[in-house]
Structure formats: C-alpha cells, structure tokens
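Coordinate inspection notes
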Amino acid sequence: MGALEEARFEGELENGVGLDEPEEELDAGSGLGSRPEATRAIEEVIRVLLQGLGEDPEREGLRKTPLRVAKAFREGTRGYRQKVKDIVQGALFPEAGLDNGTGHAGGAGGLVVVREISLFSYCESCLLPFSIQCHVGYVPSGQRVVGLSKLSRVADVFAKRLQDPQRLSDDICAALQNSINPAGVAVALQCWHIQFPEVLRCNPNPKHLSKSDMQGWVQASVCSSSGVFEVKGNSFWNDFLALLKFRGINLEGGSKSCFPVQSWCPSRSLEVPLCNGHSTKSPNNGKVSSKPGHAYAAMVAAVTSILYSLGEDPMRKELIGTPYRYVQWLMNFKSSNLDFKMNGFNLGKLCLHKTGDVVNSQCHIHSVLNLPFCSQCEHHLLPFHGVVHIGYFDEEEGKHIERSIFQSMVHYYGCKLQVQERLTRQIAEAVHVVFRRGVMVVVEANHICMISRGIEKVGSSTATIAVMGQFSTDPAAKALFLQTISNSTASGG
C-alpha cells in the first residue's frame, strides 16, 4: 500500500465522499445510524481503549470521547478518500509569458514557490499527529500555470494519510509532477513530532511556548525534487532555497539526499512485536514479555482494527508494531498507575524547609516556576504539554517545599486523562492543603488537538489560572506573581 501506487492517486472516492465532505454531527442524539460505518467501528474501539486504561466510558467528560476520537481519525486520514486529479482538474490556466522555453510561462525565470503551508499528519509509527511546515516550488511548462491554492490542497491530500516525513515529501512531489506536468517540482518539509512523556516531563528549563520553538519535540527536515531541479548545472534548486531564506528558512545546501531521517518517531526506540499484538514491553524495565495481559492484548487488537477502518493494511511493513506503540503511549496515562507514580507523595505530611528564596519579603510569596508536564486530553485522547507555575504564601517566613516535591505532584495530576482547567484546579487545591494562607497556579500548555483537528491552529497555546486564599482577594499579590512569571519568560529561565 505504498504512497505512490496508482490507487493513491486515481482510486475511486470511498462511499462517494468528495473533497468537501461535510463534518459528521457531534451530537450523539442524532443516532449511531446517521454516522458512517467506519466511524461507528472506531467509536467501539475507543471504548475498549478507555476500559483498558481503567476508565468508565460513560462518565461525564468521556461519553462523547469515542465519537470525537473517531471523527478526528477519519478527518485526519481523509486523504485516502481524495484524488489529486479532482483538485487540479480545471485549475490549469494559460499564461503565455515571454516565450515557450522551460520555465517561461508567466514570466522570465518562471519559478513559483508557495512557502509555509501549515499541515499536520498522523505518524504511521505511533498514530500521534505531527506538525509540518511545507514549502512547494515548481517551474511551469507548456505555457500553463496552476492555481496557487491547489499546491497546498495537493499537499494536504497526502498529509491526511498515515505518513513519515520523507515519504510525504516524495508523495507531494510525485503527485504534482504527474498531475500538472511542469518542468520540475521541489518540495521541502520541516516536521515536528512530540516526544514521549518522559522527555517532556524531564525538560529542566522549558522556554516560552511558541510556534517556532516546540520545546522537546523531535525535528526533521526533508526534501524531494524532480525534473529541472535535479539537473546539474542549473540554478533552479538554489533559487528555491534562496526564496525560502527570505522567510528565515535556512535549508542551504539541502537536497533530497542531504536530510536522511532514520527512526524519526520517538516510539521507534521501543522494541516491537514481530506481529501486531503478539508481545508487550514492560514500561518499568524495558523488557519484552511473551505473556501480555488480556486487557493489553485487547487494546492492541483494537488499535489494529482502527487501521482497517481507516482503509490501511496493518501488515504493511511500516505499520508493523504501530498498534503496540500507540497503546504504549496511552499506557503512560493509565489511571491504575497513579499510586505508583505518586512515589509516596503526601502533602499533608511534608516537612517545611527554611529558605530565603521569596518573591517579596513583605508578602512572603514563594514561586516555583516552569515545572514541565505532559498529560492526555480526555476529550480527544491527544497529548497536551507545557509548564506549571506555582505561587504560595508561606505560613512562616522563609519556609518552603523543595522543587522536586512540586514536580512529583504535577506529574501525579498530569499522569491521567485530564483537561487543563481541572489540572490547574487540582494542583492549587493540593498545595493549599499545606499553605492555607494562599495559593496561585498558572498552567501554560500546547494542545495537540488544536493542531490536528477542528481549526488546526498551529502555534496556539492555552493558559489557565487557579487562585485560593489570599490570592483571590489580593490583586497586588496576583499581579506580583504574574510579573514574576513574565520576568522568567523574558529571561528564558
């Protein structure tokens, strides 16, 4: 089921679904019968996964999660049900240019580049979304140019499939070369893949969350080319790189062979079973067990069925082990692991230690900033990650709790299916058990669901606040703590 097989370009649309397939209604009251069979099948699978995580699929907050996740998977792989020729057909326009030579349709030189197309795709190794900045260039021929929006739409067709960066780049390049017959095509991708929780939680100095700085993410740059871009002695490839550099995108010297991507997905470091569902790996000691638990095996089998429902072949070599890796990711947030993750943490029995580190000696406000966390959104089963800032009034001047204790607490509340608002409140309530005078918690996070579904808002971040005690009645104290966070962000600390 390779990306460049004819079926992936010319295959019939599944169930007659077109490019403007209407979004399925989220309201479960509309009835299961109104939703496509593939969506209903994935919903049932998600219920199995929730049960395997020790959750009740019927509890408030999870009732519509199976439908949301099913819709996200279907929408995120809609490229399997789209055809490139339907996009490009009718979008080729005559443009005489100066002459009939290569690259002269539309003007002397003829190179056309569309930069910074924001996309996302599902990683074929672990089923987690990854973020993409796509840059496409082509040299027209035959006195024809293609509508510029079609370049991004063709790129999106192949992004909306299970992918890895190099094959995605090759797919886009080949599709444009075959469908618009230009003199040549160049594609460059910058890709970011979220790390596994252990890396995100252990980042000692997270920077401010931004589009351009996905702290802790695995990055890869790949490119593909065809036609005149591969001919030695011409300047088209160098011109392409130069136009990218105008936007601060430096791929100088880049070529298709210049950015090898080996095991770019962090989950590839996991040992995988020879066949999906035949073995498991212990998250505690890294060893593989030949006797998986019934619930775990059921979860792996369930994810395998998702691949079938999406129209994929789970035995395709790139997908061997994918269900296993996805389950491994989910098991990081299994509710029954919480007591072990707590590591004996008990705020009520903590000893307070003497320190001189206070925000303001008159108010006795302590701050603990940039505590990294990674959690799992219970609405979409997608990760959100970022930093927690905690401010508190001490009971006695100069008394505090060590940072490692706060980090354990953040880990405890983050290591489950969550929503950011609840996470913020739970941390504040826990700290307030010890510091009754007042607590303030600020959580900043990037939500993968904001990238990979709905508005697909790359670069957005969410901040939440919870206040208790004196912070709720003292605007000056709140302002002081918020300024401390701002100063820390500005200094990169």
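All residue numbers refer to positions counted from 1 along the written sequence of the respective chain. pLDDT decides what is reported in this predicted model: residues at 70 or higher carry local features, side-chain atom pairs at 80 or more are listed and counted, and totals for whole chains, interfaces and linings draw on all residues regardless. Hydrogen atoms and water are omitted, and side-chain values are computed over all heavy atoms in the structure.

Going by what an unreviewed UniProt entry lists, the protein is known as GTP cyclohydrolase 1 and is assigned to Elaeis guineensis var. tenera. UniProt positions are given in the numbering used here, feature names are shortened, and annotations may be inferred rather than shown by experiment. What the UniProt record of the protein gives under Pathway (unreviewed entry) is the line "Cofactor biosynthesis; 7,8-dihydroneopterin triphosphate biosynthesis; 7,8-dihydroneopterin triphosphate from GTP: step 1/1."

It is worth spelling out the environment of K150 at this point. Put simply, DSSP H or I for four residues or longer makes a helix, DSSP E for two residues or longer makes a strand, and each gets a number counted from the N terminus. Note on placement: K150 falls in helix α5 (residues 148–159). Only protein chains enter the calculation, and the probe is 1.4 Å; a residue is then buried if its accessible area is under 20% of its type maximum, exposed if over 50%, and partly exposed in between. Its relative accessible area of 18% is what places K150 among the buried residues. Residues K150 and Q89, spaced 61 residues apart in sequence, show a C-alpha to C-alpha distance of 9.8 Å. Every residue pair with non-hydrogen atoms within 4.5 Å of one another is taken to be in contact. If near-sequence neighbours (up to four positions away) are discounted, K150 is found in contact with I87 and A91.

The five strands lie next to each other as β14-β11-β12-β15-β16, forming an open sheet whose pairing is mixed. In this open sheet, the two strands that pair with only one neighbour each are β14 (417–418) and β16 (462–469). The pairing criterion for strands is at least two bridges between them, as found by DSSP. Of the strand pairs in this sheet, strand β11 (residues 365–377) and β14 are connected by two bridges, and their pairing is parallel. Counterpart to C377 in the pairing with β14 is Q418.

On to the nonpolar core, then. By size, the foremost hydrophobic cluster in this structure holds 80 residues, and its most contacted members are L49, F73, C134, I172 and L189. Ranked by the residues each element gives to this core, the list is headed by helix α9 (residues 294–309), at seven residues. Beyond its immediate chain neighbours, meaning those up to four positions away, I172 contacts C134, V136, A155, F158, V187 and L189. Here, nonpolar core means buried Ala, Val, Leu, Ile, Met, Phe, Trp, Tyr and Cys residues that are tied together by side-chain atoms lying within 4.5 Å of each other. If you look at the next biggest cluster of nonpolar residues, it comprises 26 residues, including V368, Y413, A430 and V443.

Note on aromatic pairs: each is described by the distance of the centres and the angle between the planes. In summary, the pairing rule links any two rings of Phe, Tyr or Trp, Trp by its six-membered ring, whose centres are within 6.5 Å, and it sorts them by plane angle into stacked for under 30 degrees, edge-to-face for over 60 and tilted for everything else. The full count for this structure, using the stated rule, is 14 aromatic pairs. Ring plane angle 75 degrees and centroid distance 5.7 Å describe the contact between F120 and Y122, whose orientation is recorded as edge-to-face. Grouping residues by exposure puts F120 and Y122 together as buried. Ring centres of W237 and F240 lie 5.4 Å apart, and the angle between their planes is 45 degrees; this geometry places the pair in the tilted category. Residue W237 and its partner F240 are located together in helix α8 (residues 236–245), separated by three residues, close to a single helical turn.

Of note in this structure, Q143 is not a glycine but carries a positive phi near 55 degrees. Summarising the element assignment, Q143 is placed in the loop between β3 (129–139) and β4 (144–146). By relative accessible area, which is 31% here, Q143 ends up partly exposed.

Among the 10 residues in helix α10 (residues 322–331), 10 count as buried, and that is most of the element. Along α10, the residues that are buried comprise T322, P323, Y324, R325, Y326, V327, Q328, W329, L330 and M331.

Covalently bonding the sulfur atom of one cysteine to the sulfur atom of another cysteine gives a disulfide. Sulfur atoms of two cysteines make up a disulfide when they are within 2.5 Å. Applying the stated rule across the entire model yields zero disulfides. Distance from the sulfur of C191, which forms no disulfide, to the nearest cysteine sulfur (C134) is 8.8 Å. The class for C191 is buried, based on a relative accessible area of 1%.

Attention now moves to the packing of α5 against helix α6 (residues 165–180). A fitted line through C-alpha atoms represents every axis, and for helices the fit uses only the stretch in contact; the resulting angles, taken between N-to-C directions, go from 0 to 180 degrees. Orientation of α5 relative to α6, taken along the N-to-C sense of each, is 135 degrees, at an axis distance of 9 Å. When the axes of α5 and α6 are compared, the pair comes out oblique. Of the two possible hands of crossing, α5 and α6 adopt the one that is right-handed. Residues L151, V154, A155, F158 and A159 of α5 touch α6, and the partners they reach there are L168, D171, I172, A175 and L176. For the contact of α5 with α6, a count of residues per class yields nine nonpolar, no polar and one charged. Roughly parallel here means an angle under 35 degrees, roughly antiparallel means over 145, roughly perpendicular means 65 to 115, and every remaining angle is called oblique. Crossing handedness: left-handed means the near helix sits turned counterclockwise from the far one by under a right angle, and right-handed means the same turn made clockwise. When residues are grouped by polarity, Ala, Val, Leu, Ile, Met, Phe, Trp, Tyr, Cys and Pro land in nonpolar, Asp, Glu, Lys and Arg in charged, and all others, Gly among them, in polar.

A few words on the pairing of β3. Of all the 11 residues making up β3, 11 are buried; the element is thus mostly covered by neighbouring parts of the structure. Residues of β3 alternate between two faces, with P129, S131, Q133, H135, G137 and V139 on one and F130, I132, C134, V136 and Y138 on the opposite face, all of them buried. Where strand β2 (residues 112–123) lies against β3, nine bridges are found, and the strand directions are antiparallel. Across the sheet, V114 pairs through a bridge with V136, a residue of β3. Joining the antiparallel neighbours β2 and β3 is a turn of five residues, in which L127 adopts a positive phi near 70 degrees. Bridge count for β3 against strand β6 (residues 184–193) is 10 bridges, and the pairing is antiparallel. Across the sheet, G137 pairs through a bridge with A186, a residue of β6.

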